[in-house]
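Breakdown of the fold
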Amino acid sequence: MSEPIIRIQDLKKIYRTGDVDVAALRGVSLEVAKGDFVSIVGPSGSGKSTLFHILGGLAAPTSGSIHIDGDDLMALSDSGRTNLRRRKVGFVFQKYNLLPTLTAMGNIEMARYFSENAGPLDQSFRDLLTRLGIQDRLDHKPRAMSGGEQQRVAIARALVNQPAILLADEPTGNLDTENSEKVLGVLRDLNERLGQTILMITHNPEAAAYGHRTVHMRDGRIVRES
Amino acid sequence: MINRLVLENLKHRKLRTALSALSIGFQVTMILSVVGLSQGMLNDSINRAKGVGADIWVKPPGASVIGLSGASMPQKVLGFFQAQPHITHAVGTVIQPYAGISSVSGIDYKEFVGLSGNFRFLQGGPFQTPDELIVDQWYAEQSKASVGDMVTILNHKWRICGVVEPGKLGRLFVPMARLQELTNNQDKLSQILLKVDDPKNTQSIIAELKKIEELDGYSIYSIEEFVSMFSFNNVPGLRAFIWVIIGLSIVIGFLVVSLTMYTTVLERTREIGILKALGASPMNILNILVRETALLAIAGWLAGIVISFGANWAINHFVHSNLQSEITPDWWPTTFAIAMAASLLGALYPGLRAARLDAIEALSYE
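Residues numbered from 1 in each chain as written. Chains lettered and ligands numbered in written order. Predicted model: local features only at pLDDT ≥ 70, side-chain atom pairs only at ≥ 80, totals over all residues. Heavy atoms only, no water.

1. Thoughts on the domain arrangement of chain B
This is how the line gets drawn: Reported domain spans reflect what an automatic or database domain assignment gives.
Segmenting chain B into domains produces domain 1 (2-43 + 237-363) and domain 2 (61-217). Its C-alpha centre places domain 1 of chain B at a distance of 47 Å from the equivalent point of domain 2 of chain B.

Structure below.
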């Protein structure tokens, strides 16, 4: 196993709702090597989304330690987490989450803009667009694309800044079987060919099987790995 | 890239964008119309005052330069002026306001044209009877009046005997004696117009007149001094009125943009979450909304100027008599600043709200 790109130790996250503290993560420890493809499964409320949000810099951890590609997330301020999202993390969501007013290319350019990634797209990314099968759909807005196409645009957008990790939250949750297989195939291909580190949240055991290993969560803890 | 997003966002909701810009536009038009109307009326008054050809204007004690007031100066004073050296013509007139801001001028026809030169008649001719009325072309066109028509002014029926080119003193002229009689101002004048032998002597003549004890309290102006007083500051309440209009415009602009941006932020909550996930900082989000607002303000300002041309044309063509409006380009920068300031103020709260949105909550917003 190569050097871990994600190292989490005894991570806790407590949300305060009104006067009540709710523990969403109760001491999670996990290491993910560079180039790994990890599926995270678990029932609703198991803490997998909270883990996803903390790994993506969308929420601050309460205690423990978490490092991504050398960055200590416990030490990051809001602006530090913003920078993490710009440079080290790419998101793929269940509902695609493309900006509806921009074309596919506009969505990709927007991600490049925030990471200050200027200049023309490099050839390897253009090859990726071809592999994703969206090279002819770049001038289309999301409403003119199928769900599968939108999700592949979202994957391209997530990867345009060559992030250290790709976080995918139920990426096939809104897709039919055919498109689900296409998207999962794309993720596996990215992982195998480019060595892209991927963490994927899913409810679907078939989808989870695309990963190298599966982390099972329950009640804010990792209960099993397979 | 941000500019492209901003443009696409505005294009995405075309009707809302158009309505917001129009609302800001009407705010701009409101200011430009009030100012244009005020300036138009003042300039029209200046032109008509200059068109008389008098070198000196004499107003009775306590009379305002611009305010419309009836006759209050004894007519016998006229003889006093006529007797002064260097004064070639001394002509009294009666200005009687009616129907709000309109007025009718009572003149001694022969004396008046002696000072001012003949009227240029487009139709008809001078008074033949005491109950006749001369109107200028502007009034005739707006009232669709022509020679022979009967007009009721001051509860008196007048027959239009002539239509003249505009630009002398007033828009409506009647024989002075009849007007004095109708208004119970026999032997009273509103103002006296003086012509001097050499305009170069005007200031020295005024200085001499002001030394005369009997004229103590009278306002005596050269034509230059007289027309210089036709300004916003000298019309009672006008400046305050314009400030009120500007204040209302700012409030309207603020409310319109505030509402627009608030609904925009609500509608785009999820998109704001997406932008944050892509690495947008709170300042990036605020920047996007500020740019959208600035574009709306610019579009609204331009629309307001275009609409103000329409309003100006409508006032000058459809509003019955005595309202003159002008296009006032010197106020365009001011209205730009007002529209921009009101819009940015309106965008402030929604913008800050958007900037502070929690990314996770925003992403889960349906």
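2. Observations concerning the sheet that holds strand 8 (residues 197-201) of chain A
Residue and element names in this part refer to chain A. This is how the line gets drawn: Pairing between strands requires that DSSP locate at least two bridges from one strand to the other. For the purposes of this entry, the term helix denotes a DSSP run of H or I that reaches at least four residues, the term strand denotes a run of E that reaches at least two, and both are numbered from the N terminus. In this description, a line fitted to the C-alpha atoms serves as the axis of each element, helices being fitted only across the stretch in contact, and the angle between N-to-C directions of two axes falls anywhere from 0 to 180 degrees. Whether two residues are in contact is decided by their heavy atoms, any of which lying within 4.5 Å being enough.
Strand order in this open sheet of 6 strands is 6-7-8-3-9-10, and the pairing throughout is mixed. The outermost strands of the open sheet, each flanked by one partner alone, are strand 6 (89-92) and strand 10 (221-225). Adjacent strand axes in the sheet meet at a mean angle of 25° when their direction is disregarded. Of the strand pairs in this sheet, strand 9 (residues 213-218) and strand 10 are connected by 4 bridges, and their pairing is antiparallel. Bridging from a neighbouring strand, Met217 pairs with Ile222 of strand 10. Sheet strands touched by helix 1 (residues 48-55): strand 3 (37-41), strand 6, strand 7 (165-169), strand 8 and strand 9. Its angle to strand 7, the strand with the most contacts, is close to 145°.

3. Comments concerning helix 2 (residues 14-52) of chain B
To be explicit about the condition: Multiplying 1.5 Å by the residue count of a helix minus one yields the expected span of that helix.
Over its 39 residues, helix 2 of chain B runs 54 Å from end to end, which matches the ideal 57 Å to within 8%, given 1.5 Å per residue. Trailing helix 2 of chain B by a residue or two, Gly53(B) shows a phi angle of about 90°, which is positive.

4. Re the side chain of Thr214(A)
Quick note on the threshold: Here's how the labels work: a residue is buried when its accessible area is under 20% of the maximum for its type, exposed when over 50%, partly exposed in between, all with a 1.4 Å probe on protein chains only.
For Thr214(A), the position within the fold is in strand 9. Taking relative accessible area as the criterion, Thr214(A) reaches 11% and is therefore assigned buried.

5. A closer look at the pairing of strand 2 (residues 20-33) of chain A
Along a regular strand, successive side chains alternate from one face of the sheet to the other. Where strand 1 (residues 4-17) of chain A meets strand 2 of chain A, 11 bridges bridge the pair, whose relative direction is antiparallel. Each residue of the ladder has a partner; that of Leu11(A), found in strand 2 of chain A, is Val28(A).

6. Focus: the sheet that holds strand 4 (residues 63-68) of chain A
Residue and element names in this part refer to chain A. If you trace the 4 strands from one edge of the open sheet to the other, you get 2-1-4-5, paired in antiparallel fashion. The outermost strands of the open sheet, each flanked by one partner alone, are strand 2 and strand 5 (71-72). Direction of pairing for strand 1 relative to strand 4: antiparallel, over a ladder of 5 bridges. Its bridge partner being in strand 4, Gln9 is matched across the sheet by Ser65.

7. Examining the packing of aromatic side chains
Condition: For Phe, Tyr and Trp, where Trp contributes only its six-membered ring, two rings pair if their centres lie within 6.5 Å, and the inter-plane angle classes them as stacked under 30 degrees, edge-to-face over 60, or tilted in between. A ring has a charge above it when a Lys NZ or an Arg CZ is no more than 6 Å from the ring centre and no more than 35 degrees off the ring normal.
Counted according to the given criterion, the structure contains 16 aromatic pairs over all chains. Arranged with centres 6.4 Å apart and planes meeting at 70°, the rings of Phe52(A) and Phe93(A) form a pair that is edge-to-face. Pair noted here: Phe52(A) is in helix 1 and Phe93(A) is in the loop between strand 6 and helix 3 (104-114), with a separation of 41 residues, a long-range link. Taken individually, Phe52(A) and Phe93(A) each receive the classification buried, so the pair is uniform in this respect. It is Lys168(B) that lies over the ring of Phe119(B); its NZ or CZ is 5.9 Å from the centre.

8. Considering the confidence of the model for chain B
Using the following cut-off: Confidence of the predictor at the level of single residues is captured by pLDDT, which takes values from 0 to 100.
A residue-level look at chain B finds 95% of positions with pLDDT of 70 or above and a mean pLDDT of 86. We note a pTM of 0.76 for the whole complex and an ipTM of 0.90 for its interfaces.

9. Considering the packing of helix 2 of chain B against helix 9 (residues 238-267) of chain B
Short version of the rule: Angles below 35 degrees are treated as roughly parallel, those above 145 as roughly antiparallel, those between 65 and 115 as roughly perpendicular, and all remaining angles as oblique.
Running from N to C, helix 2 of chain B and helix 9 of chain B cross one another at 175°; their axes reach a closest spacing of 9 Å. The orientation of helix 2 of chain B relative to helix 9 of chain B falls into the category roughly antiparallel.

10. Looking at the interface of chain B and chain A
Short version of the rule: Computed with a 1.4 Å rolling probe, the buried area is the accessible surface lost when two parts are put together, summed over both parts. By definition here, a salt bridge exists when the distance from a side-chain nitrogen of Lys or Arg to a carboxyl oxygen of Asp or Glu is within 4 Å. Polar contacts, as counted here, are pairs of nitrogen or oxygen atoms within 3.5 Å of one another; within protein the pair requires one atom able to donate a hydrogen and one able to accept it, and residues that are adjacent in sequence qualify only if both atoms are side-chain atoms. Think of it as three bins: nonpolar holds Ala, Val, Leu, Ile, Met, Phe, Trp, Tyr, Cys and Pro, charged holds Asp, Glu, Lys and Arg, and polar takes everything else, Gly as well.
Tallying the contact residues gives 22 residues for chain B and 24 residues for chain A. A combined buried area of about 2,200 Å² lies between chain B and chain A, and 66% of that area is made up of carbon and sulfur atoms. Sorting the residues of chain B by area buried against chain A places Met1(B), Leu278(B) and Ile360(B) first, and these three jointly supply 28% of that buried surface. Counting every contact that joins chain B to chain A gives 1 salt bridge. Where chain B touches chain A, the interface holds 6 residue pairs in polar contact (both at pLDDT 80 or more). Sorting the residues of the side of chain B that touches chain A by element identifies helix 1 (2-12), helix 10 (269-277) and helix 13 (359-363) of chain B as the ones contributing at least two each. A class-by-class count of the residues in the side of chain B that touches chain A yields 11 nonpolar, 5 polar and 6 charged.

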